[in-house]
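Listed below are the residues making up each chain.
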Amino acid sequence: MILADGLRTAFRERAARLSGIDLAVYQKFAKDPHEPIIGLGDRDARIGFFGRDPGADEVKHGMPFIGAGGQKVRAGLYRHLYGSEMPDFAASVEVGNKFFWANTVPCKPLGNKAWPMKVKRDFCDLMIEVLLGYWRGREVITFGREAFFWFGIAGGKAVRESLEAFWLRDDRYTASVDVELASGSGQTRRFHLHPLPHPSPLNATWYKRFPELLENRLTQLDVSLRT
């Protein structure tokens, strides 16, 4: 699936005025730093994955969730669907085609640090257009705090407080919460958020438990080759 010219242009214009893009990484791989890295995927996929922002491998390959953390996700998906270990990189790309993928901001930041709230707000309306206009699903597995709380940016104080209260729960990685998003074109949809920790190897607290937590979510959501 390809972004419509108008939406792609809007992303590029905002990226052009954005400071903090890791230009050296884009130059290393001869990639355009203004081109949004948005995985999209299967428009009719029941399950979507929502992460923080792209890393160096995502810039290199032009798709999200393909670096070390993303490979952890894709390996878990492959294992869940096929009952065996993911054989190679090509298989990691192929298994991702069955799902929908997106990030808070589709540009790689310097130092792999999360984009500040001002930047996430600036791109929020465009990302809502992606979620509502390019995907028909409602079940969203979010990775990490930044991706989860992104859903409160456009929702107002009450929504943010609800998400903050949910995040304090001990069962936040097994329970779920609903959030409604509205686009500038008048579309609305209620999404069911199923948070998980960030799959990065730097996340020492949760990294070892991530495969188990992901498998539990996939089982909860009845993810199979039929869906």
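Residues numbered from 1 in each chain as written. Predicted model: local features only at pLDDT ≥ 70, side-chain atom pairs only at ≥ 80, totals over all residues. Heavy atoms only, no water.

Q: Hey, could you run me through helix 9 (residues 210-220) in this one?
A: An α-helical turn contains 3.6 residues, so a residue and the one three or four places further along point in the same direction. Within helix 9, burial applies to Phe 210, Leu 213, Leu 214, Arg 217 and Leu 218. Along the long axis of helix 9, the arc covered by the buried residues comes to 135°, so they all point the same way. Where the residues of helix 9 are buried, they touch helix 4 (68-82), strand 4 (139-143) and strand 6 (188-196). (Buried < 20%, exposed > 50% of the residue type's maximum accessible area, 1.4 Å probe, protein only. Helix = DSSP H or I, 4+ residues; strand = E, 2+ residues; numbered from the N terminus. Arc of directions from axis to C-beta. Contact = heavy atoms within 4.5 Å.)

Q: Teacher, can you tell me more about the environment of Asn 97 here?
A: Considering the arrangement of structural elements, one finds Asn 97 in the loop between helix 5 (89-96) and strand 3 (100-103). Spatially, the C-alpha atoms of Asn 97 and Tyr 207 are 24 Å apart, while their sequence positions differ by 110 residues.

Q: Can you walk me through the sheet that holds strand 6 in this structure?
A: The pairing of strands in a sheet comes from backbone hydrogen bonds and takes either a parallel or an antiparallel form. Pairing within the open sheet is mixed, and its six strands lie in the order 1-3-2-4-6-5. Edge positions in the sheet fall to strand 1 (40-41) and strand 5 (177-182), since each of these pairs with one other strand and no more. Inspection of the sheet shows strand 5 paired to strand 6 by six bridges, in the antiparallel sense. Of the residues in strand 6, the one forming a bridge with Ala 182 is Thr 188. Packing against the sheet, helix 9 makes contact with strand 4 and strand 6, and its axis sits at approximately 145° to strand 6. (Pairing = 2+ DSSP bridges. Axes fitted to C-alpha atoms, helices over the stretch in contact; angles between N-to-C directions.)

Q: I tried to follow the packing of aromatic side chains on my own but got confused; where do I start?
A: This structure, assessed with the given rule, holds 20 aromatic pairs. An aromatic cluster of at least three residues, connected via ring pairs, comprises Phe 49, Phe 65, Phe 99, Trp 101, Phe 143 and Phe 210. Positioned above the aromatic ring of Trp 101 is the side chain of Arg 74, whose terminal nitrogen or guanidinium carbon lies 4.6 Å from the ring centre. Sitting over the face of the ring of Trp 167, Arg 172 holds its NZ or CZ atom 4.8 Å from the ring centroid. (Phe/Tyr/Trp six-rings, centres within 6.5 Å; stacked < 30°, edge-to-face > 60°. Lys NZ or Arg CZ within 6 Å of the ring centre and 35° of its normal.)

Q: Just checking my understanding: could you explain the pairing of strand 6 for this structure?
A: Both faces of the sheet carry side chains from a regular strand, because those side chains alternate between them. The pairing of strand 4 with strand 6 spans five bridges and is classified as parallel. Counted as the bridge partner of Glu 139 is His 192 from strand 6. Between strand 5 and the antiparallel strand that follows it, strand 6, lie five residues; Gly 186 among them carries a positive phi value of about 95°.

Q: Sorry if this is basic, but what is going on with the environment of Ala 68 here?
A: In this fold, Ala 68 is placed in helix 4. Taking the C-alpha atoms as reference, Ala 68 lies 8.2 Å from Pro 199; in sequence the two are 131 residues apart.

Q: So what exactly am I meant to see when it comes to the side chain of Arg 217 here?
A: If you trace the backbone, Arg 217 turns up in helix 9. No salt bridge is formed by the buried Arg 217. Its closest oppositely charged neighbour is Asp 171, at 8.2 Å. At 3.4 Å, the side chain of Arg 217 and the backbone oxygen of Tyr 173 are in polar contact. A polar contact of 3.0 Å, which involves the side chain of Arg 217, links it to the backbone oxygen of Pro 195. Filtering out sequence-adjacent residues up to four positions away, Arg 217 remains in contact with Ile 141, Arg 172, Tyr 173, Thr 174, Ala 175, Ser 176, His 194, Pro 195 and Leu 196. (Lys, Arg positive; Asp, Glu negative; His and termini not counted. Salt bridge = Lys/Arg side-chain N within 4 Å of Asp/Glu carboxyl O. Polar contact = N/O pair within 3.5 Å; in protein donor to acceptor, adjacent residues only side chain to side chain.)

Q: Is there a simple way to explain the packing of helix 4 against helix 9 in this structure?
A: If you want to describe how two helices pack, look at the angle between their axes and the distance between the axes. At a minimum axis separation of 10 Å, helix 4 and helix 9 run at an interaxial angle of 50°. By the angle between their axes, helix 4 is oblique relative to helix 9. The handedness of the crossing between helix 4 and helix 9 is right-handed. Between helix 4, through Lys 72, Val 73, Gly 76, Leu 77 and His 80, and helix 9, the contact on the second element is made entirely by Phe 210, Pro 211, Leu 214, Glu 215, Leu 218 and Thr 219. In terms of residue class, the contact of helix 4 with helix 9 is made up of six nonpolar, three polar and two charged. (Parallel < 35°, antiparallel > 145°, perpendicular 65-115°, else oblique. Left-handed = near helix turned anticlockwise from the far one by under 90°. Nonpolar A, V, L, I, M, F, W, Y, C, P; charged D, E, K, R; others polar.)

Q: Sorry, what's going on with helix 4 here?
A: With 15 residues, helix 4 should cover 21 Å at 1.5 Å per step; its first-to-last C-alpha distance of 21 Å lies within 8% of that length. All buried positions along helix 4 are accounted for by Gly 69, Gly 70, Val 73, Arg 74, Ala 75, Gly 76, Leu 77, Tyr 78 and Leu 81. Buried-residue contacts for helix 4 involve strand 2 (47-51), helix 5, strand 3, strand 4 and helix 9. Gly 83 sits one or two residues past helix 4 and shows a positive phi near 70°. (Expected span 1.5 Å × (residues − 1).)

Q: How should the pattern of salt bridges be read in this particular structure?
A: Oppositely charged side chains can pair when the atoms bearing their charge come close. Scanning the model with the defined rule gives 12 salt bridges in all. The residue Glu 35 makes a salt bridge to Arg 12 at a minimum N-O spacing of 2.8 Å. Linking Glu 35 in the loop between helix 2 (23-28) and strand 1 with Arg 12 in helix 1 (residues 5-16), this pair joins segments that are 23 residues apart in sequence. We note a salt bridge from Arg 79 to Glu 85, for which the minimum N-O separation is 3.0 Å. Here the residues in one salt-bridge network are Arg 8, Arg 12, Asp 32 and Glu 35, joined through shared partners.

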